[in-house]
Amino acid sequence: MAIIFRWLLRLTTALFVLSVATVTLVWYFASRSLPDHDGTFVVQGVSAPVEVVRDNAAVPHIFGETDADTYFALGYVHAQDRLWQMTMLRRTAQGRLSELFGQRTVSIDNLIRRLDLYGLAVSSVAAQDTATRTALDAYADGVNAWLDEINAGSRGRGAPEMWVFNHAVAPWQPADSIAILKIMALQLSGQADYEVLRARTSLMVSPERLQDILPDDPSSGIAALPEYSAMIDDVPRYTASADTLDPALSPLKSHELSGASNAWAAGLSRSAAGSTLLANDPHLGLTAPTIWYLTRLQLQSGDVIGATIPGLPVVLTGRSSDIGWGVTTAYVDDQDVHLEQVNPDNPNQYRTPDGWADFRTRESIVRIKDAPAITLKLRWTENGPVLPGDVFDLGAVTPAGHVAALSWTALSGEDTSVTAAMRMMAARTVEGAIDAAEGYLAPAQNLTLADRTDVALKTIGAIPRRDPMHRSQGRMPSYGYVAENRWQGRMPYADNPEFIAPEGGILGNTNNKTVDRPFPNHVSFKWGDTQRINRWRRLMQSRQVHTRDSFIEAQLDTVSFTARSLLPLIGADLWFTGEAAPDGTPQRRRQIALELLANWNGEMNEHLPEPLIYAAWLRALQTRLIQDDLGPLETQYTHPDPVFIERVFRDVDGASVWCDVIQSAPTETCTDIARMALDDALQWIDESFGKNLETLRWGDMHQATHDHPVLGDVPVLQWFVNIRQSTSGGDNTLMRGRTAGEGPNPFRNVHAAGYRGVYDFADPDSSVFVTATGQSGHFLSRYYDNLGELWRRGEYIPMSLDPDLARAAALGVMMLQPQESE
């Protein structure tokens, strides 16, 4: 027995030592890629020494003698802190994810190759102006200089992920930066997805009920459109979804998560300090690290500071000493799905208004890890690339003998969006910035501006010109061979919505409808917000003048206008009704829930139970209303639509018919459905959290899920790379935390403001900003999540252009010295 014990002890000790050695070795190799914040690096590509001061939040302040030197250093620090993120964005744009991830991402590469985003980016390089070409070249040289340093200095392959997914990193090219902007356009464009959903729904319900479940903005008129089945022949009533895209790695998002943001500005008459104010918080999917990277650039046209996207040498939202700019998704209807008839006698041809024409074709080889490569035959029509049926569920609305092609403003080989963004950074007035943005193409944005005296809002990006006789008005797929359904170029930039120096002194956008124009000058039928705008309007008009702090207060507001307006409707016949019921019974739990909601002010506070009860009730209510009418298509409606629910409970145009269950003999009322939905919600809460409603916390379910896109699901590693935070807010609050809408926890926060900034031009250096995680993409760095807790608590860091302030508490100063010529 003693011998066995000794051998067990030896074995345990050996295993322990081996484990410690393994962890130490892994840590050593992973930590080698942590960049130095101090030191001097001799590089080839700068004309004079460049100073990079990282302040106490690890934000780099770059001081170069020329713009090219500054952009070189920006590429260098982007690569230092976010190399893995940059290479992943580039691989996505190139359609080369499967080389690393195998079969998991073949469908993504298939889509991206067919869109040819990278090929269009390569073609677009020549369309940039000279200054932008110089900046793109210098930026690429900076990235490549850090790649050289990785190879020469044994810096752990540049990122810990490179040890797991070992691959050669190609030199950075100017086209790579343009391609990343096109990937952002894909992520922010959800109109094609919405078209298909509308078409699929129209096959299940009447035109009147279609206007209920997919309503227009309430403030606009309702257009009478033909049913999809009347326009398109031989489409089955229902076809199961065929989506095969990996949700963690796909840049293509559901229209529910395609983009959102807030931005507002106050002019001189509405500012307490006598100068302008601007606030911006763009919303994107939450990841670790966040997509945003804070920086300050010294440029000949004037210093700028704000948020960049690694891979792009542009401050996309930020300020200079004279002007601030912010962006919100404009929801321009910039995509159309065209159904192209294939020649039954020649599959290489499709039908056009002038007869049969040959598809433009090209072969593309997709290399797949641990599997044979596949060859794709890419096809284009005059309307755009032909897409596979599993994208947007196109196969469900495409009749036999047809294929689906996509028209989209981002599919241009002469895309000058980066040039326009560069020119905007150099502008000094709102009028100058608006003029500079004329060449901007996609993704369409509402550009909110504030200079020292004026504020403005301009929709930038291409808006398609459609024929007034377009059969579906671009709201559903249409036949591509019908001339009236085809695009007729681009609307004039001057026609894009524009508001300069409004009389009321305040303007803003929460993705709401900006103009009320009839088709074809409508901009969009599908807007991103009908709710937050009401709360924003109340907060802006409740004060005669505003300050930086009042703008911060609005940015962090968590009161749900939707909850305040819908609860009195859906609970109208339930409040304080019913007989006394013993504890533990469904009746008593319903009474407790209603009492809690009756005394609630609509604040989606993470510490309260009411937001969870309300959110679960609304979710169950929409399911009850639509599941009998839509059948399995109901699962595509992942988020309750407040306008739909309000139409039903106010019986707008007979919409209360949704309350009656078609398959049942009795006639259910909306009160019956509301009561049953509340019971459903409480039952789900019981099974998930227990029976004590008063101890529930919204924040336990509404956790911000900053997950690593690649390693986030890997056991053990996920505890190091994922960042989870209890958060307030919800789907329809100004501090928006969009819920997932599906899965075991449908209320997890997956889409929110990864960046917040408030700019005060009465005292520009008192401006503030913050991101959702941190500056570093290296999970062993203390700057991986150093800003995350500030973001969660609604706090900010200084956004100053004062170089002395940056140097006062600097983490380090890095010098890039030019290499002496031999």
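Since we're looking at a predicted model, the values are computed, not measured. (Residues numbered from 1 in each chain as written. Predicted model: local features only at pLDDT ≥ 70, side-chain atom pairs only at ≥ 80, totals over all residues. Heavy atoms only, no water.)

## Re the overall build of the protein
Test applied: To qualify as a helix, a DSSP run of H or I must reach at least 4 residues; to qualify as a strand, a run of E must reach at least 2; elements of each kind are numbered from the N terminus. With the radius of gyration taken over C-alpha atoms, the globule rule is written as 2.2 Å times the number of residues to the power 0.38. Residue contacts follow a heavy-atom distance rule, with two residues in contact if any of their heavy atoms lie within 4.5 Å. Per-residue and other accessible areas follow the Shrake-Rupley method at a 1.4 Å probe size, with only the shown protein chains counted as cover for residues. Two residue types count as positive, namely Lys and Arg, and two as negative, namely Asp and Glu; His and chain ends fall outside the count. Just so you know, the charge point we use is NZ for Lys, CZ for Arg, CG for Asp and CD for Glu.
Scanning the protein for helices and strands turns up 24 helices and 29 strands. For 822 residues, the compact-globule estimate of 2.2 N^0.38 gives 28 Å, and the C-alpha radius of gyration of the protein, at 28 Å, lies within 12% of that figure. Over its C-alpha atoms, taken along the principal directions, the protein stretches across nearly 90 × 85 × 75 Å. Of all intrachain contacts in the protein linking residues separated by at least 6 positions in sequence, the fraction that spans at least 24 positions is 72%. On the protein, roughly 31500 Å² of surface is accessible, and the fraction owed to carbon and sulfur atoms is 52%. Averaging the coordinates of the 69 positive side-chain charges in the protein and doing the same for the 99 negative ones gives two points 3 Å apart.

## Details of the packing of helix 5 (residues 117-124) against helix 8 (residues 174-188)
Condition: The axes are straight lines fitted to the C-alpha atoms, using for helices just the contacting stretch, and the angles between their N-to-C directions are given from 0 to 180°. If an angle is under 35 degrees, it is roughly parallel; if it is over 145, roughly antiparallel; if it lies from 65 to 115, roughly perpendicular; otherwise it is oblique. Rotating anticlockwise by less than a right angle from the far helix to the near helix defines a left-handed crossing, while the corresponding clockwise rotation defines a right-handed one.
In the contact formed by helix 5 and helix 8, the axes pass within 8 Å of each other and the chain directions differ by 130°. Here helix 5 lies oblique to helix 8, going by the angle between them. Helix 8 is crossed by helix 5, and the crossing has right-handed handedness. Residues Leu117, Tyr118, Leu120, Ala121, Val122 and Ser124 of helix 5 pack against Ala175, Asp176, Ile178, Ala179, Lys182, Ile183 and Leu186 of helix 8.

## Quick look at the packing of aromatic side chains
Note the following rule: Two rings from Phe, Tyr or Trp (for Trp, the six-membered ring) form a pair when their centres sit within 6.5 Å of each other. Planes less than 30 degrees apart are called stacked, planes more than 60 degrees apart edge-to-face, and all others tilted. Summary of the burial criterion: residues with accessible area below 20% of their type's maximum are buried, those above 50% are exposed, and those between are partly exposed, where the area comes from a 1.4 Å probe applied to protein chains only. The rule is short: NZ of Lys or CZ of Arg within 6 Å of the ring centre and within 35 degrees of the ring normal puts a charge over the ring.
Taken as a whole, this structure holds 17 aromatic pairs when the rule is applied. An angle of 75° between the planes, with centres 5.4 Å apart, marks the rings of Tyr76 and Trp146 as edge-to-face. Of this pair, Tyr76 sits in helix 2 (residues 67-94) while Trp146 sits in helix 6 (residues 130-153), and the two are 70 residues apart along the sequence. Owing to a relative accessible area of 0%, Tyr76 belongs among the buried residues under this scheme. Plain terms: the ring middles of Tyr350 and Phe359 are 4.9 Å apart, the flat faces sit at 40° to each other, and that makes the pair tilted. As far as the burial class goes, Tyr350 and Phe359 line up, both buried. Within the aromatic cluster, the residues linked to one another by ring pairs are Trp684, Phe689, Trp698 and Phe747. Here the guanidinium or amino end of Arg360 rests over the ring plane of Trp380, the centre of that ring lying 4.4 Å away. The ring of Phe63 has Arg807 lying over it, and the distance from NZ or CZ to the ring centre is 4.8 Å.

## Some thoughts on the side chain of Thr276
Applicable threshold: Identification of polar contacts relies on pairs of N or O atoms within 3.5 Å, with a donor-acceptor requirement for protein atoms, meaning one able to donate a hydrogen and the other able to accept it, and with residues adjacent in sequence counted only if both atoms are side-chain atoms.
Here Thr276 shows up in the loop between strand 4 (260-266) and strand 5 (277-285). Among the polar contacts listed, one links the side chain of Thr276 to the backbone oxygen of Asp451, at a separation of 2.4 Å.

## Remarks on the pairing of strand 4
In plain terms, the rule: Strands qualify as paired when DSSP identifies two bridges or more between them.
Most of strand 4 sits out of view: seven of its seven residues are buried. Of the two faces of strand 4, the one carrying Ala260, Asn262, Trp264 and Ala266 and the one carrying Ser261, Ala263 and Ala265 are both buried. Of the pairings in the sheet, the one linking strand 4 to strand 5 comprises seven bridges and is antiparallel in character. Note that in strand 5 the partner of Ala265 across the bridge is Leu278. Bridge count between strand 4 and strand 21 (residues 506-509): four bridges; the pairing is antiparallel. Looking at the pairing, Ala266 lines up with Ile506 of strand 21.

## Re empty space enclosed by the protein
Worth spelling out the cut-off: We place a 1 Å grid over just the protein atoms. Points where a 1.4 Å probe fits but has no way out form a cavity, open points with protein on both sides within 12 Å along at least 5 of 7 lines form a pocket, and any residue with an atom within 4 Å of a point lines it. Grid points are joined across faces, edges and corners, and a volume is the space filled by probe spheres set on the points. When residues are sorted by character, Ala, Val, Leu, Ile, Met, Phe, Trp, Tyr, Cys and Pro go into the nonpolar class, Asp, Glu, Lys and Arg into the charged class, and all the rest, Gly among them, into the polar class.
For the coordinates displayed, the defined rule picks out 11 cavities of 30 Å³ or more. Estimated volume of the largest cavity: approximately 530 Å³. Taken together, 33 residues form the lining of the largest cavity, with Glu256, Lys526, Trp527, Gly528 and Asp641 sitting closest to its centre. Elements represented by at least two residues in the lining of the largest cavity include exactly helix 9 (191-202) and helix 19 (642-650). Taken together, the residues of the lining of the largest cavity sort by class into 13 nonpolar, eight polar and 12 charged. Each pocket or cavity is described by its volume, and for the second largest cavity that value is around 300 Å³. Contributions of two or more residues to the lining of the second largest cavity are made by helix 8, strand 4, strand 5, strand 9 (323-329), helix 12 (417-426) and strand 17 (445-451).

## Looking at the sheet that holds strand 7 (residues 304-308)
Reading across the sheet, the 11 strands line up as 1-29-2-3-6-7-8-9-17-18-20 and stay open at both edges, with mixed pairing between neighbours. Two strands in the sheet have a free side with no partner beyond their single neighbour: strand 1 (39-43) and strand 20 (498-500). Across the sheet, the mean angle separating the axes of adjacent strands is 20° when strand polarity is ignored. Pairing of strand 6 (residues 293-297) with strand 7 involves five bridges; the strand directions are antiparallel. Across the sheet, residue Thr295 finds its bridge partner in strand 7, namely Gly306.

## A few points about the packing of helix 17 (residues 586-598) against helix 20 (residues 670-689)
Viewed as axis vectors pointing N to C, helix 17 and helix 20 meet at an angle of 95°, and their least axial separation amounts to 10 Å. As far as their axial angle goes, helix 20 and helix 17 are roughly perpendicular. On helix 20, the residues that touch Arg589, Arg590, Ala593 and Leu594 of helix 17 are Arg675, Leu678, Asp679, Leu682 and Asp686. Here the residues of the contact of helix 17 with helix 20 are counted per class, giving four nonpolar, no polar and five charged.

## Some points on the confidence of the model for the protein
Stated precisely, the cut-off is as follows: As a per-residue measure, pLDDT tells how confident the predictor is, with possible values from 0 to 100.
Looking at the protein, the pLDDT average stands at 92 and 93% of residues meet or exceed 70. Per-residue pLDDT stays below 50 along residues 220-228; that stretch engages in 27 contacts with residues further than four places along the chain or on separate chains.

## Examining the nonpolar core
Going by this rule: In this description, a nonpolar core means a group of buried Ala, Val, Leu, Ile, Met, Phe, Trp, Tyr and Cys residues linked to one another through side-chain atoms lying within 4.5 Å.
Membership of the largest hydrophobic core comes to 157 residues, with the highest contact counts inside it found for Tyr71, Tyr76, Trp84, Phe101, Met425, Leu449 and Leu816. A per-element tally of this core places helix 2 first, with 13 residues. In terms of nonpolar packing, the next biggest core, distinct from the first, is built from 55 residues, Trp600, Ala620, Cys659 and Cys670 among them.

## Here's the deal with the pattern of salt bridges
Note the threshold: Between Lys or Arg on one side and Asp or Glu on the other, a salt bridge is scored when a side-chain nitrogen of the former is within 4 Å of a carboxyl oxygen of the latter.
If you walk through the whole model with that rule in mind, you get 40 salt bridges. Among the ionic pairs, Arg54 bridges to Asp81, the shortest N-O distance being 3.3 Å. Of the two residues, Arg54 is situated in strand 2 (residues 50-54) and Asp81 in helix 2; the sequence distance between them amounts to 27 residues. In this structure, Arg54 and Asp81 share a single accessibility class: buried. Notably, a salt bridge pairs Arg423 with Asp129, separated by 3.0 Å at the nearest N-O pair. One end of the pair, Arg423, is in helix 12; the other, Asp129, is in the loop between helix 5 and helix 6, and 294 residues separate them in sequence. Salt bridges sharing common partners tie together Glu606, Arg697, Asp700, Glu789, Arg792, Arg793 and Glu795.

## Let's talk about helix 4 (residues 106-115)
Spacing of three or four residues puts side chains on the same side of an α-helix, whose turn is 3.6 residues. Extensive coverage of helix 4 is indicated by the burial of 10 of its 10 residues. Of all the residues in helix 4, the buried ones are Val106, Ser107, Ile108, Asp109, Asn110, Leu111, Ile112, Arg113, Arg114 and Leu115. Following helix 4 by one or two positions, Asp116 adopts a phi angle in the positive range, close to 60°.

## Re the state of the cysteines
Short version of the rule: The disulfide definition used here is simple: a pair of cysteine sulfur atoms within 2.5 Å.
Summed over the entire model, instances satisfying the criterion amount to one disulfide. Through a disulfide, Cys659 is tied to Cys670; the S-S separation comes to 2.0 Å. One quick way to see it: the torsion about the S-S bond of Cys659 and Cys670 is about 95°, and its sign makes the bridge right-handed. Taken as a pair, Cys659 in the loop between helix 19 and helix 20 and Cys670 in helix 20 lie far apart in primary sequence, 11 residues in all. Comparing Cys659 with Cys670 shows no difference in burial state: the two are buried.

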